[in-house]
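Architecture at a glance
Here's the letter readout for the chains.
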Amino acid sequence: MWKIIRNRLDQGYRTSSYPKQPIALYERFRGRPQINRQCEPALIRQCAEACPQEAIDGASGALDLGRCTFCGLCEMQSQGKFVQFTQNFELGAATRDDLITDGSYTDLAAHAKQHFKKLFGRSLQLRQVSAAGCNACEADTNVLNTPFFDLSRFGIDFVASPRHADGIHVTGPISRNMKAALLTTYEAVPSPKVVIASGACSISGGPFYGSDEIVGDLSELLPVDLYIPGCPPHPLTTLHALLTFFK
Amino acid sequence: MDNLLQIANGEVVRRADIPDVSVETFGMTLAEFVRNGGFVVQFFAFAENDITRLLAVVRNDRLYVTSCVVGAEFPSLTGWVSEKFHMFEREIAEQYGIRPTAHPWLKMVRYHRNYSGADDVFGNDYAGEEIPGKYDCFKVEGEAIHEVAVGPVHAGIIEPGHFRFQCAGEEVLHLEIQLGYQHRGVERLLPTVPQRRLPIICEAIAGDTAIGHNLCCCQALEALAGLTVDVGAKVVRTIALELERIANHLGDLGALSGDVAFNPPAAYFGRMRGDFLNLLQVLCGNRFGKGLVRPGGVAFVMGEEQKKLLVAKLHEITPQVKNVCDLLFSAHTVQARFENTGIVSREMAEDLGLVGYAGRACGLPYDARIAFPTECYAELPHNTNQMTSGDVYSRATVRREEIMHSLALIELLLQRPETTARAMMMEERRLAADSLVVTINEGWRGEIAHCVLTGADGAIVRYKVKDPSFHNWTGLAMSLRNQGISDFPLCNKSYNLSYCGFDL
């Protein structure tokens, strides 16, 4: 018994004060990219050709955050002259088009549908569906339940049964073999319901784009309300997106 | 041994030098090797120019490769030699439509059409809405027997898989595990994509093993492209692999705590795991180490600032890790739940060919860091395990020991003077033609092996991936026999196998 108490005193109180107080992530973290639209076209084309995810438009220099895995190659390739990744982890978007950025970003709070805030603002239960993800998205979603983030203090929980849920949170590029289970889970969620696509895989197939064993785009199957990019999305990216969209 | 070519981990071999024997000799050679205490690392089929071959990579204290041309069938080695071949033979059947005759349990592995266009060996119809779980599971007959089905969508935030228990009351008589839900077609994809996509895909084979799998990929590309990696980069790569190991072991000890309803360490382990993921983020900006390792070295240099942060955090957190481990393992109620639960005997583990900590906890000491060292492992001290009874307690204890050992390794590595100033960018490189390379690393779950074959112009013709879970899922199924079904989560988490690493 004493050991438990001693450990508790030793461990201390760890819950983050975000969003009341801002959090700064380590400088190497790659969040929102800043894009230099005046960059010389040859360099933009070079970055576009080098990008493993084909996320850069070689002509316009726009970056598709839904395809991006934030590997940082374009920043290295251009030595920061074309793109620089900031530590801003606020990446959630309400539409697919909002993820294709030329450097400017739409305000998620303004675009979040008001009826979701009314319905789910005080209590949001989500059913997570792992649709062939690599487990990184799942792991960094799971971590929201640990003391540092403590998701449930905001009234948001992940539940076991879709019957108890207000919506689904989908990760993974949706393999053929998971398609039926995903759709059945969605149908089991009572309306009104919300659909969240989390991670590059569920938005664009992520690293697996082009494979014919995957669907690779959740919006081909279900109407998506919230997009959370990343590979995986940092827990704070998910937390910010959930809080801004629903509260 | 003429029928086996000895190779080294990460060393390019000319395909022309690989023994190409008859199917019968192939089988006899492998049978003799395994009967003499050998293990299977890779065993797969590949097709080129209308000729299909079987290729096997096997190990005792050395590595060997052999191959043979194969037709529509070959005599299965599973029934009459060893269970070590079991899953590999089923995979060959599924991928190429080649039937292993007299295989005792010829069942699909991942549920997908084969690559060759031949008739499906299992008679499945992939065009319909069938899913992997629609299969006649092994059933135990009897009035008091009931079946419990779990998944693919599970209660928590966890990967999908299907478990079918045959129970008499609370006691599980048999557990059958059906995977394949996360099959993304990785092996089919890899030879068709530009080289720059390879590390990105390999980091996503299993996100919690991003460093492990990507090391195998980059080491293979380095060997084929003739790239050297400087010592400073190897230090960073080794640190990253050990950080990955620690983070996952901590997370699982926390999950095990939660499963025996001991919430304080569950919470503390979870938080500490996050601290280690944040150290990977310090190195490369990603909590899973994605983007760190690239062919030729590392994409992000470990400078003085990063080193200082790592040293400081390790200094702060190591006593906390010790204390929380002590809190968990000294609780009598925890011991009562862990001890003698989910036992896999040494004989069973050996016959199945279990790898990693699951194998070590059963008394199989194989650790690829010792047997086939890569990166900095040849110069680092080894770890040994005392508790090897094959139960949950042994697996948890082995993992606790590995955490402490890995912390010590990182400390040693951080003291090394070598640094690398070169941040490697991903580039397309010319690969050696008509070659084979096998790369093995000890991921946190166990032996990861990638095997790459190139063709006449250096293009990759076959990229074979083996995650340690490929061996170990059967261990989990066996550990449930004669256990209470309520101990399933405990056994499952004591193994914590990768669904996506298996499914590819």
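**Brief notes about the overall build of chain B**
Helix and strand counts for chain B come out as 16 helices and 16 strands. Expected size for 504 residues packed as a compact globule is a radius of gyration near 23 Å; at 22 Å, chain B falls within 12% of this value. Out of the 504 residues in chain B, the part that is buried amounts to 58%.

**Concerning the sheet that holds strand S16 (residues 460–466) of chain B**
Across a sheet, paired strands are connected by hydrogen bonds in the backbone, their directions being either parallel or antiparallel. Residue and element names in this part refer to chain B. In spatial order, the strands read S2-S14-S15-S16; together these 4 strands make up an open sheet with antiparallel pairing. Bordering the open sheet on either side are strand S2 (13–14) and S16, each of which pairs with just one other strand. Judged from the 6 bridges that link them, strand S15 (residues 447–454) and S16 form a sheet pairing that is antiparallel. When the bridges of S16 are listed, Leu453 appears paired with Arg462.

**Description of the pairing of strand S6 (residues 63–69) of chain B**
All names here are of chain B. Counted residue by residue, S6 has 6 buried out of 7 residues, so it is predominantly covered. Across 3 bridges, the pairing between strand S1 (residues 5–7) and S6 is antiparallel. Following the sheet pairing, Gln6 is matched in S6 by Tyr64. Alignment of strand S5 (residues 51–59) against S6, held across 7 bridges, turns out to be antiparallel. For Arg53, the partnering residue across the bridge sits in S6 and is Val69. Here S5 folds back onto S6 in antiparallel fashion, the turn holding 3 residues.

**Some remarks on the domain arrangement of chain B**
All names here are of chain B. For chain B, the assigned domains are domain 1 (1–125) and domain 2 (186–503). At the interface, 27 residues of domain 1 touch 28 residues of domain 2. Of all the elements in the fold, those that place two or more residues in the side of domain 1 that touches domain 2 are S2, strand S4 (39–48) and S6. The leading source of residues in the side of domain 1 that touches domain 2 is S4, at 7 residues.

**Structural notes on the interface of chain A and chain B**
Taken together, the 55 residues of chain A in the interface contact 53 residues of chain B. At the level of secondary structure, the elements contributing two or more residues to the side of chain A that touches chain B comprise helix H1 (2–11), helix H3 (73–77), strand S5 (124–130), helix H6 (136–142) and helix H7 (176–188) of chain A. Its residues placed into classes, the side of chain A that touches chain B shows 27 nonpolar, 18 polar and 10 charged.

**Quick notes on the confidence of the model for chain B**
If pLDDT is low for a region, its predicted coordinates should not be looked at in detail. Of all residues in chain B, 99% have pLDDT values of 70 or greater, and the mean over the chain is 94. Reported confidences for the modelled complex are a pTM of 0.95 and an ipTM of 0.94.

**Side note on the nonpolar core**
The biggest cluster of nonpolar side chains holds 230 residues, and the ones touching the most others in it are Ala240 and Leu283 of chain B. The element contributing the most residues to this core is helix H6 (residues 231–259) of chain B, with 13 residues.

**Re the packing of H1 of chain A against helix H8 (residues 304–329) of chain B**
Where H1 of chain A meets H8 of chain B, the axes come as close as 10 Å, and the angle between the chain directions of the two elements is 155°. The angle between H1 of chain A and H8 of chain B falls in the class roughly antiparallel. When the axes of H1 of chain A and H8 of chain B are compared, the crossing they make is left-handed. Between H1 of chain A, through Lys3, Ile4, Asn7 and Asp10 of chain A, and H8 of chain B, the contact on the second element is made entirely by Gln320, Asn323, Val324 and Leu327 of chain B. Tallied by class, residues from the contact of H1 of chain A with H8 of chain B come to 3 nonpolar, 3 polar and 2 charged.

**Quick look at the environment of Lys118 of chain A**
All names here are of chain A. Locating Lys118 in the fold gives a position in helix H5 (residues 114–120). We classify Lys118 as exposed; it has 10 C-beta atoms within 10 Å. Sequence separation between Lys118 and Phe246 is 128 residues; the distance between their C-alpha atoms is 8.2 Å.

**Remarks on the sheet that holds strand S8 (residues 194–198) of chain A**
All names here are of chain A. An order of S6-S5-S7-S8-S9 is seen for the 5 strands of this open sheet, with the pairing classed as parallel. With partners counted over all chains shown, the strands left at the sheet margins are strand S6 (156–158) and strand S9 (226–228), one partner each. On average, adjacent strands in this sheet sit at an angle of 25° to one another, irrespective of strand direction. Bridge count between S8 and S9: 3 bridges; the pairing is parallel. In the sheet register, Ala197 faces S9, and the bridge partner there is Tyr227. Its contacts with the sheet place helix H9 (residues 235–246) against S5, S6, S8 and S9, and it is angled at close to 160° to S9.

**Structural notes on the environment of Phe246 of chain A**
All names here are of chain A. Relative to the helices and strands, Phe246 is located in helix H9. On the neighbour-count criterion, Phe246 (25 C-beta atoms within 10 Å) is buried. Residues Phe246 and Ala109 lie 137 residues apart in sequence; the distance between their C-alpha atoms is 8.5 Å. Non-local contacts of Phe246, meaning those with residues more than four positions away in its chain, are made with Phe116, Lys117, Phe120, Gly121 and Leu124.

**Looking at the pairing of strand S11 (residues 171–178) of chain B**
Residue and element names in this part refer to chain B. With 7 bridges connecting them, strand S10 (residues 162–168) and S11 associate as antiparallel partners. Its bridge partner being in S11, Phe163 is matched across the sheet by Ile177. The hairpin formed by S10 and S11 contains 2 residues between the paired strands, and Gly169 there has a positive phi angle of roughly 65°.

**Some remarks on the confidence of the model for chain A**
Mean pLDDT over chain A stands at 92; residues scoring 70 or higher make up 100%. When pLDDT is averaged over each element of chain A, helix H8 (residues 200–204) of chain A comes out on top at 97 and helix H4 (residues 108–111) of chain A at the bottom at 78.

**Observations concerning the packing of H8 of chain B against helix H13 (residues 392–414) of chain B**
Residues and elements named next belong to chain B. One way to put it is that H8 packs onto H13 with a least axis distance of 11 Å and a crossing angle of 165°. One way to sum up the angle between H8 and H13 is to call them roughly antiparallel. Considering how the two elements wind past one another, H8 and H13 form a crossing that is left-handed. Residues Lys307, Leu310, Val311, Leu314, Thr318, Val321, Cys325 and Phe329 of H8 touch H13, and the partners they reach there are Arg400, Ile403, Leu407, Ile410, Glu411 and Leu414. Along the lines of polarity and charge, the residues of the contact of H8 with H13 split into 10 nonpolar, 1 polar and 3 charged.

Conventions used here
- Within every chain, residues take consecutive numbers counted from 1 along the sequence as written.
- Following the order in which they are written, the chains are lettered starting with A and the ligands numbered starting with 1.
- Given that this is a predicted model, residues contribute local features only at a pLDDT of at least 70 and side-chain atom pairs are listed and counted only at 80 or more, while totals for whole chains, interfaces and linings are drawn from all residues.
- Each helix is a run of DSSP H or I of at least 4 residues and each strand a run of E of at least 2, with the numbering of both proceeding from the N terminus.
- For this measure, only C-alpha atoms enter the radius of gyration; the expected value for a globule follows 2.2 Å times N^0.38, where N is the number of residues.
- With C-beta atoms placed from the backbone, a residue counts as buried when 20 or more other C-beta atoms lie within 10 Å of its own, as exposed when 12 or fewer do, and as partly exposed for counts between those limits.
- Two strands make a pair as long as DSSP finds a minimum of two bridges between them.
- The domain boundaries here were taken from an automatic or database domain assignment.
- Our contact criterion uses C-beta atoms placed from the backbone: two residues qualify when those atoms are within 7 Å.
- Any residue that is not Ala, Val, Leu, Ile, Met, Phe, Trp, Tyr, Cys, Pro, Asp, Glu, Lys or Arg is counted as polar, Gly included; the first ten are nonpolar and the last four charged.
- Values of pLDDT, ranging from 0 to 100, describe the predictor's confidence in every residue of the model.
- A set of buried residues qualifies as a nonpolar core if it consists of Ala, Val, Leu, Ile, Met, Phe, Trp, Tyr and Cys joined through C-beta atoms within 7 Å.
- The axes used here are C-alpha line fits, helices contributing only the stretch in contact, and every angle between their N-to-C directions lies in the interval 0 to 180 degrees.
- Oblique is the label for any angle not under 35 degrees, not over 145, and not in the 65 to 115 range, which are roughly parallel, roughly antiparallel and roughly perpendicular in turn.
- Here a crossing is called left-handed whenever its near helix is offset anticlockwise from the far helix by less than a right angle, and right-handed whenever the offset is clockwise.

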